[in-house]
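Fold and contact review
Letter by letter, the chains look like this.
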Amino acid sequence: MKKDRFDVVVIGGGHAGYEAALASARMGCDTALVTFKKEKIAEMSCNPSIGGLAKGHIVREIDALGGEMGKAIDATGIQFRILNKKKGPAVQAPRAQADKEKYREYFIDLLEKTENLTLVFGEASDINTEGNKVTGITLASGETLIAEALIITTGTFMNGLIHIGAERTNAGRLGDPPSSHLSGSLKKLGLELGRLKTGTPARLDIDSVDFSEAVIQPGDEPPPAFSFQTELLQLDQVPCWLTYTSDKTHEIIRNNIHLSPLYSGIIVGIGPRYCPSLEDKVQKFPERVRHQVFLEPEGRNSNLIYPNGISSSLPRDVQEDFIHSIPALRNAKIILPGYAIEYDFLFPRQLKPTLESKSIENLYFAGQVNGTSGYEEAGAQGLMAGINAVLKIRGREPLILLRDQAYIGVMIDDLVTRDIDEPYRMFTSRAEYRLLLRCDNADKRLMKIGVDIGLLPRDVYEKSIRKYQIVDELISLLSQKAIVESDLSEKEIQDYLTKNPSGRISVASLIKRPEYNASDLLSRFLPDICDKYTDETISLAELEIKYSGYVDLQARAAERVRKLEKRRIPDDFNFIGIPGLSRESQDKLNRFRPSTLGQASRISGLTPASIAALNVALEKYRNER
């Protein structure tokens, strides 16, 4: 007899789904992962990569909490780089090309071997409830799974519709069926859904690409790992290449723009502003004479190239014409066409910061179904939904990361306090405390939480503690080491020593200056201790010293905001009729139903005066109780 009772059921085997299922099972809950096909678990439906600007920060945070994405890409990546190396540390981030097949195999094998986890293959069609509480799901086959908590991570599958020119196909992605019934079930529960659109470029035969017409893009040496648990990455890295569209490319697109479902009115879903199709770029940026195209291998032994930058839903023959107008792709053979896909999503203002529905108890949502884009954003939401579902079942306090704790906290806060009218993508600019949220210190910020909730091994956390103890020791040494006049050049004496009122400077004071770096100064002034410290600890100490003033300012600002986060708003609080609040503000508060005064302050259109009025009303409410 098949097992039909679980603590947690996860619908969807994508990046949100595998993180949610692994978190739940590893925390000791009996978990089921429901998906269409085993071989499509962890599929990279779009670009074959993990990380990037802000996204790399998220992967490091997933790893620090005990999630899997970072370890997976370290095990299956074919090229690793740090982006923005010429800019400040807050906006530097790792990115890796993945071997799509190996990445998928990694998770299939891991999920099958994970204790407390059962894979169920089929389509979830109905959500079962008693009153306003989830009791399980019914599959299209008629089979029922009973569950205490349900996590929906359906990606682009809910009523998915693919567009290639005038061709329309009901699909969750090319070659896979859509989820045709779940949207209706959610609507019956009173949840509000919308429609979004995303897209992907054609896939090309690697042997048909002329790489002599492109610029090689090698990986960094040594390759930078994502996971804090990866000791050393050793691999032969596979190069990517950079090429550009041409005048002819843009002419072909302009001449055929009427055939694009984006511009003919066929597509009603709103697409991603920051990852537009090529026809969108040509139309909206007519002054640009060319656009970048990154040629990315889909695997070490794959015959497919992913041409990043030319996503399109134009007809197949037009795609072929404009691809052949790009010099490096003059003879390119198209294996799969590019396409746009529309899908249903849930307006995430209907969710608590735990990603639980405000109206249906124990029902959680994570990933693209919440209006986001990207594997990394999905994985983080899946992890948080899995964690919070387990904590809720066990009667423990939820895990809500604040905006000064993690990019994950920024993202979820944005989702539940703002209207989504286009696919949400994480950027470093969204984080007001980004100097506190660097990639390199995610372990310091989040590993204790990972240990406390039972996802991260304690020895991993203790290793991180020892690392930062060494960093602190090094900072102390650099701050105490005074530099005497005889150790300085004449220019340095004039620039630094004579301008210092005390007539004394330390190694740390020089490190604060942009023209110096810690490694060089260590070799120069403290050569006897150089070998005691690793490159990582030296780099961390340097960052702490260089940016200490700015970090302190952001930390103080964050502490002021935290006071607002401590002001809880009861679930039954009535926002209508509050003196001093406009009707528009009352309606917005009633629609979003923020859980704290801090969340309320971030709802668009609410002024400081509105928040002050709300605070007074909360005080009155508490006194009357």
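Rules used throughout
Residues numbered from 1 in each chain as written. Predicted model: local features only at pLDDT ≥ 70, side-chain atom pairs only at ≥ 80, totals over all residues. Heavy atoms only, no water. Helix = DSSP H or I, 4+ residues; strand = E, 2+ residues; numbered from the N terminus. Rg over C-alpha atoms; globule rule 2.2 N^0.38 Å. Buried < 20%, exposed > 50% of the residue type's maximum accessible area, 1.4 Å probe, protein only. Contact = heavy atoms within 4.5 Å. Areas by Shrake-Rupley, 256 points an atom, 1.4 Å probe, with all protein chains shown as cover. Lys, Arg positive; Asp, Glu negative; His and termini not counted. Charge placed at Lys NZ, Arg CZ, Asp CG, Glu CD. Pairing = 2+ DSSP bridges. Axes fitted to C-alpha atoms, helices over the stretch in contact; angles between N-to-C directions. Core = buried A, V, L, I, M, F, W, Y, C linked by side-chain atoms within 4.5 Å. Salt bridge = Lys/Arg side-chain N within 4 Å of Asp/Glu carboxyl O. Left-handed = near helix turned anticlockwise from the far one by under 90°. Nonpolar A, V, L, I, M, F, W, Y, C, P; charged D, E, K, R; others polar.

Before going further, it helps to examine the overall build of the chain. The helix and strand inventory of the chain stands at 21 helices and 22 strands. A compact globule built from 625 residues would reach a C-alpha radius of gyration of about 25 Å, and the chain, at 26 Å, matches this within 12%. For the chain, the spread of C-alpha atoms along the three principal axes comes to 80 × 75 × 55 Å. Each of the 625 residues in the chain was classed as buried or not, and the buried ones make up 57%. In the chain, the proportion of contacts linking residues at least 24 apart, taken out of those at least 6 apart, comes to 74%. Per element, the accessible surface of the chain, about 26,600 Å² overall, is 49% carbon and sulfur. Of the side-chain charges in the chain, 81 are positive and 85 negative, and the distance between the mean point of each set is 4 Å.

Within strand 12 (residues 193-200), 7 of the 8 residues are buried, which leaves it mostly tucked inside the rest of the structure. Pairing of strand 12 with strand 19 (residues 339-346) involves 8 bridges; the strand directions are antiparallel. Pairing of G199 across the sheet is with A340, part of strand 19.

Attention shifts here to the sheet that holds strand 17 (residues 304-308). Within the open sheet, the 6 strands sit side by side as 14-15-16-17-13-18. Their pairing is antiparallel. Sheet topology places strand 14 (215-217) and strand 18 (334-336) at the edges, where each strand pairs with a single neighbour. Neighbour to neighbour, the strand axes of the sheet diverge by 35° on average, direction disregarded. Relative to strand 15 (residues 240-244), strand 14 is paired through 3 bridges, and the arrangement is antiparallel. Counterpart to Q217 in the pairing with strand 15 is C240.

Right, let's talk about the nonpolar core for a bit. Core analysis: the largest hydrophobic core is formed by 114 residues, its most contacted members being Y103 and I408. For this core, the element with the highest residue contribution is helix 10 (residues 375-393), accounting for 10 residues. With near-sequence residues (within four places) excluded, Y103 lies in contact with H15, Y18, A42, M44, I50, M69, A72, I73 and T76. Counting 25 residues, the second largest nonpolar core, distinct from the first, contains I505, V507, A508 and L521.

What follows is about the pairing of strand 19. In terms of burial, strand 19 is a largely internal element, 8 of the 8 residues being buried. Of the two faces of strand 19, the one holding Y339, I341, Y343 and F345 and the one holding A340, E342, D344 and L346 are both buried throughout. Here strand 10 (residues 161-164) pairs with strand 19 via 3 bridges, running antiparallel. When the bridges of strand 19 are listed, H163 appears paired with A340.

Turning next to the pattern of salt bridges. Evaluation of the coordinates by the stated rule reveals 43 salt bridges. Residues E105 and K102 are paired through a salt bridge, measuring 4.0 Å at the closest nitrogen-oxygen approach. Residue E105 and its partner K102 are located together in helix 4 (residues 100-113), separated by 3 residues, close to a single helical turn. On the basis of relative accessible area, K102 is assigned to the partly exposed category, the value being 44%. Here the salt bridges share partners, and the residues they tie into one network are R403, D413, D414, R418, E432, E565 and R602.

On to the packing of helix 2 (residues 55-65) against helix 12 (residues 442-452), then. With their axes 7 Å apart at the nearest point, helix 2 and helix 12 run at an angle of 35° to one another. For the pair helix 2 and helix 12, the crossing hand works out as right-handed. Contacts between helix 2 and helix 12 involve R60, E61, A64 and L65 from the former and A442, D443, R445, L446, M447, I449 and G450 from the latter. Of the residues assigned to the contact of helix 2 with helix 12, the class counts are 6 nonpolar, 1 polar and 4 charged.

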